[in-house]
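# Structural overview
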Amino acid sequence: MKSTNTAEKMESCLALRPEAGALNAMHFDNRFVRDLPADPSTENVPRQVQRACYSRVLPTPVTAPKRVAYSPEVAELLGLSEETCRSETFAEVFTGNRLLPDMAPYATCYGGHQFGRWAGQLGDGRAINLGEVVNDRGDRWTLQLKGAGPTPYRRMADGLAVLRSSVREFLASEAMFHLGVPTTRALSLTLTGEKVMRDMFYDGHPAWEQGAVVCRVAPSFTRFGHFQMVAARKEMDVLKRLAEYTLRTDFPHLGEPSPEAYRRWFVEVCRKTADMIAHWMRVGFVHGVMNTDNMSILGLTIDYGPYGWLDDFDPGWTPNTTDAHSRRYTFGNQPAIAQWNLLQLAAAVYPLIGEQEPIQEALDGYQQRFTEVWRNMRAEKLGLAAFEPADEDLYQKLTSLLTAVETDMTIFFRRLADVSPGDTPPEDRSDDDLMRPIRDAYYRPEQLTPSFCRRTADWLRRYLQRLEKDGRQEPARRRRMNRANPKYILRNYMAQEAIEKAEQGDFSRIHELLDLLRRPYDEQPERAHFAAKRPDWARDYPGASMLSCSS
């Protein structure tokens, strides 16, 4: 670990730079380190950290920090101008080579269930929080560098990240935000100028890759696992302090800490989690690693590892090679897994509430909330004024059709908006006429047998009759559907193409995708090629289909 003198040198060197003004003006509150117990040791070696919520640790300097991209929207949240974000100082600060005067870097201690089994202490093994910024509007934002060097929680790893995974995390964080999905954000993507050894598929073929750092931004990075760790160690005083901090900092509207306030807090965590999962299902997102240590108490999507958006509609698909056998974290399992994870959190915080009944009510409330929100989202996806009981059968028959042949989920729902009642009654229209708007959604034309086309056309007739019952005007119905069904998503092959270009020093595709994904619901006709089906070459291409947990 760097000495205090090293940190002072980093700060004083930065202070001499004229472009550092806006960065130095950032107001760091650092409430986390002020209010919670710290690890008394400053030794940066892998170890068990007990009776503490965090360890003080500094980023590791690198040889050649270089900005690849940044998010103007996140920069604005922090009060940073374009000029500042394009400066050399910005790259140095958000790669970890420079500290701002009021930064107080730390890594947090948490545990978690990984693939259903308790894993013990995990923690921020390659994530270093620079501190918490309070902007001009009073909003609190934690700045976190991922890949900035080792921490006491790294176990046998090196605390670093590579360009490949960092591009994916940077783009996905911003893509999800613009899709309307609750998520952590990404301020910047930088190169370190150094090489990192990684075995991409854990198959015994490691290779040197370019090192990179992502600056992640969120109101809080507190996870279910933070509570699980101290509860598992029976550190009740630390659990109480963590809960008090969380309530006062992230949920102040719930009142001062008390058993009743903690009950309301757990209800809200369940509600926020249900909303997040419903949004995942709406846009076809699969997290891939829904371990409890990857679950945010704020209901934010966190830790973009082997994630993916569905290409063909397959509820049994997971993007994670590590999960290929058990398929615990498939698209269709996500609602149930989230509830299981909430149950683990409930076990950890039970001492704060002291009663089983309100906890069970909150867990039941998760299911009720998810059912309600998902019902409303399906109504939006189908362009219905409201989701009626009979619509459940309509939707289930649709999912049967979507899984019967290889159907692109995103394209199907987007094109469904173009299926119009027209002047001819649905029962008098031919199968081919009805299916024409959605034909581009299918990957294998040979699967479109007469029997399948007849079944699909019959479903479309029933769907049009259901729309007629609503009596909505066509333009309004189409607009409603196009606000719920994106035209553009970050398909794995698109991210992989950007990665391969970036590895050759060409960052243009990263910038192009970042701009594209700012408006995922707009037509953007000049970029329509990004709305096409996954190309056949990408079906089994490394990085464009399934991915491992390797960075």
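My aim in this report is to walk through the structure given alongside it, one point at a time.

## Examining the overall build of the chain
Counting secondary structure elements, the chain contains 19 helices and 11 strands. Its C-alpha radius of gyration of 24 Å places the chain within 12% of the 24 Å reference for a compact globule of 551 residues. Over its C-alpha atoms, taken along the principal directions, the chain stretches across nearly 80 × 60 × 50 Å. Within the span of the chain, comprising 551 residues, buried residues form 59% of the whole. Expressed as a percentage of contacts within the chain between residues at least 6 apart in sequence, the contacts between residues at least 24 apart total 73%. Summed over its atoms, the accessible surface of the chain is roughly 21500 Å², and 50% of this surface lies on carbon and sulfur atoms. Each charge class in the chain can be summarised by its mean position, and for the 71 positive and 75 negative side chains these summaries are 1 Å apart.

## Some remarks on the packing of helix α9 (residues 236-250) against helix α10 (residues 259-283)
The description of two helices packed together rests on the angle between their axes and the distance between the axes. Between α9 and α10, whose axes approach to 11 Å, the crossing angle comes to 65 degrees. When the axis of α9 is compared with that of α10, the two are roughly perpendicular. Between α9 and α10 the crossing geometry is left-handed. Across from K240, A243, E244, T246 and L247 in α9, the residues of α10 making contact are A261, Y262 and W265.

## Here's the deal with helix α19 (residues 508-516)
Buried within α19 are the following residues: R509, I510, L513, L514 and L516. Viewed along the axis of α19, the buried residues span an arc of 160 degrees, placing them on a single side of the element.

## Quick notes on the side chain of S545
Mapped onto the elements, S545 comes out in the segment after α19. For S545, a relative accessible area of 17% puts it in the buried group. A distance of 3.3 Å separates a polar atom in the side chain of S545 from the backbone oxygen of Y541. Apart from the residues within four sequence positions on either side, S545 is in contact with W317, N492, A538, R539 and D540.

## Focus: the packing of aromatic side chains
Summed over all chains, the structure comprises 23 aromatic pairs. Between F32 and Y106, the aromatic rings sit 5.1 Å apart at their centres with planes inclined by 10 degrees, giving stacked as the arrangement. Of the two residues, F32 is situated in helix α3 (residues 31-35) and Y106 in strand β3 (residues 106-108); the sequence distance between them amounts to 74 residues. Among the aromatic residues, ring-to-ring pairing joins W280, F285, Y304, Y307 and W309 into one connected group. Across from the ring centre of F177, 3.5 Å away, lies the NZ or CZ of R185, which sits over that ring.

## Topic: a negative patch on the surface
There is a patch of like negative charges on the surface, built from E355, E357, E361 and D364. Position of E361 among the secondary structure elements: in helix α12 (residues 356-382). According to the relative accessible area criterion, E361 is partly exposed, its value standing at 48%.

## Details of the packing of helix α11 (residues 334-353) against α12
Interaxial distance between α11 and α12 falls to 10 Å at its minimum, and their mutual angle equals 155 degrees. Relative to α12, the element α11 lies roughly antiparallel. Relative to α12, α11 is oriented so that their crossing is right-handed. Of the residues in α12, those touching α11 at P335, A338, Q339, L342, L343, A346, Y350 and I353 are Q356, P358, I359, L363, Y366, Q367 and F370. Looking at side-chain class alone, the contact of α11 with α12 contains 12 nonpolar, 3 polar and no charged residues.

## Observations regarding the pattern of salt bridges
Overall, the coordinates contain 59 salt bridges when judged by the stated rule. Among the ionic pairs, R34 bridges to D35, the shortest N-O distance being 3.9 Å. By relative accessible area, which is 29% here, D35 ends up partly exposed. In this structure, the salt-bridge partner of D522 is R519, at a minimum N-O distance of 3.6 Å. Taken together, the salt bridges that share partners define one network made up of D311, D312, E406, D408, R444, E446, R491, R534, D536 and R539.

## Re the nonpolar core
Counting residues in each nonpolar core, the largest one holds 135 residues, and the members touching the most others are F227, W265, F266, W309, L382, L416 and I510. The leading source of residues in this core is α10, at 13 residues. Discounting chain neighbours no more than four positions away, the residues touching W309 are A175, M176, L179, V283, G284, F285, W317, I489 and L490. With 35 residues, the next largest nonpolar core counts V49, F94, M103 and L130 among its residues.

## Looking at helix α7 (residues 163-179)
Between its terminal C-alpha atoms α7 stretches 24 Å, which fits the 24 Å expected from 17 residues at 1.5 Å a residue. Count one or two residues on from α7 and you reach G180, which has phi positive near 90 degrees.

## Topic: the pairing of strand β7 (residues 140-146)
The side chains of a regular strand alternate, residue by residue, between the two faces of the sheet. For β7, the buried fraction is high: 7 of the 7 residues fall into the buried class. Burial along β7 is two-sided: R140, T142, Q144 and K146 and W141, L143 and L145, pointing in opposite directions, are all buried. Inspection of the sheet shows strand β6 (residues 127-134) paired to β7 by 7 bridges, in the antiparallel sense. Following the sheet pairing, G131 is matched in β7 by L143. Connecting the antiparallel pair β6 and β7 is a turn made up of 5 residues, with G138 showing a positive phi of about 85 degrees. Examined bridge by bridge, β7 and strand β9 (residues 207-218) share 5 bridges and lie antiparallel to one another.

## A look at the environment of K195
Within the element layout of this structure, K195 appears in strand β8 (residues 185-198). As for K195 and A207, which are separated by 12 residues in sequence, their C-alpha atoms are 9.5 Å apart. Those residues within four positions of K195 in sequence are excluded, and the remaining contacts are W208, E209 and Q210.

## Examining the environment of Y350
As for its position among the elements, Y350 is in helix α11. The class for Y350 is partly exposed, based on a relative accessible area of 34%. Excluding residues within four positions of it along the chain, Y350 makes contact with E355, Q356 and I359.

## Considerations on the side chain of R185
Within the fold, R185 resides in strand β8. A distance of 2.7 Å separates a polar atom in the side chain of R185 from a polar atom in the side chain of E174. Sequence-distant contacts of R185, defined by excluding residues within four places in its chain, comprise S71, E73, V74, L77, S173, E174, F177, C215, R216 and V217.

Analysis parameters
Residues numbered from 1 in each chain as written. Predicted model: local features only at pLDDT ≥ 70, side-chain atom pairs only at ≥ 80, totals over all residues. Heavy atoms only, no water. Helix = DSSP H or I, 4+ residues; strand = E, 2+ residues; numbered from the N terminus. Rg over C-alpha atoms; globule rule 2.2 N^0.38 Å. Buried < 20%, exposed > 50% of the residue type's maximum accessible area, 1.4 Å probe, protein only. Contact = heavy atoms within 4.5 Å. Areas by Shrake-Rupley, 256 points an atom, 1.4 Å probe, with all protein chains shown as cover. Lys, Arg positive; Asp, Glu negative; His and termini not counted. Charge placed at Lys NZ, Arg CZ, Asp CG, Glu CD. Axes fitted to C-alpha atoms, helices over the stretch in contact; angles between N-to-C directions. Parallel < 35°, antiparallel > 145°, perpendicular 65-115°, else oblique. Left-handed = near helix turned anticlockwise from the far one by under 90°. Arc of directions from axis to C-beta. Polar contact = N/O pair within 3.5 Å; in protein donor to acceptor, adjacent residues only side chain to side chain. Phe/Tyr/Trp six-rings, centres within 6.5 Å; stacked < 30°, edge-to-face > 60°. Lys NZ or Arg CZ within 6 Å of the ring centre and 35° of its normal. Patch = residues over 30% accessible without salt bridge, like charges linked within 9 Å, V, L, I, M, F, W, Y side chains within 5 Å. Salt bridge = Lys/Arg side-chain N within 4 Å of Asp/Glu carboxyl O. Nonpolar A, V, L, I, M, F, W, Y, C, P; charged D, E, K, R; others polar. Core = buried A, V, L, I, M, F, W, Y, C linked by side-chain atoms within 4.5 Å. Expected span 1.5 Å × (residues − 1). Pairing = 2+ DSSP bridges.

Note that all results are geometric; they support no functional claim without further evidence.
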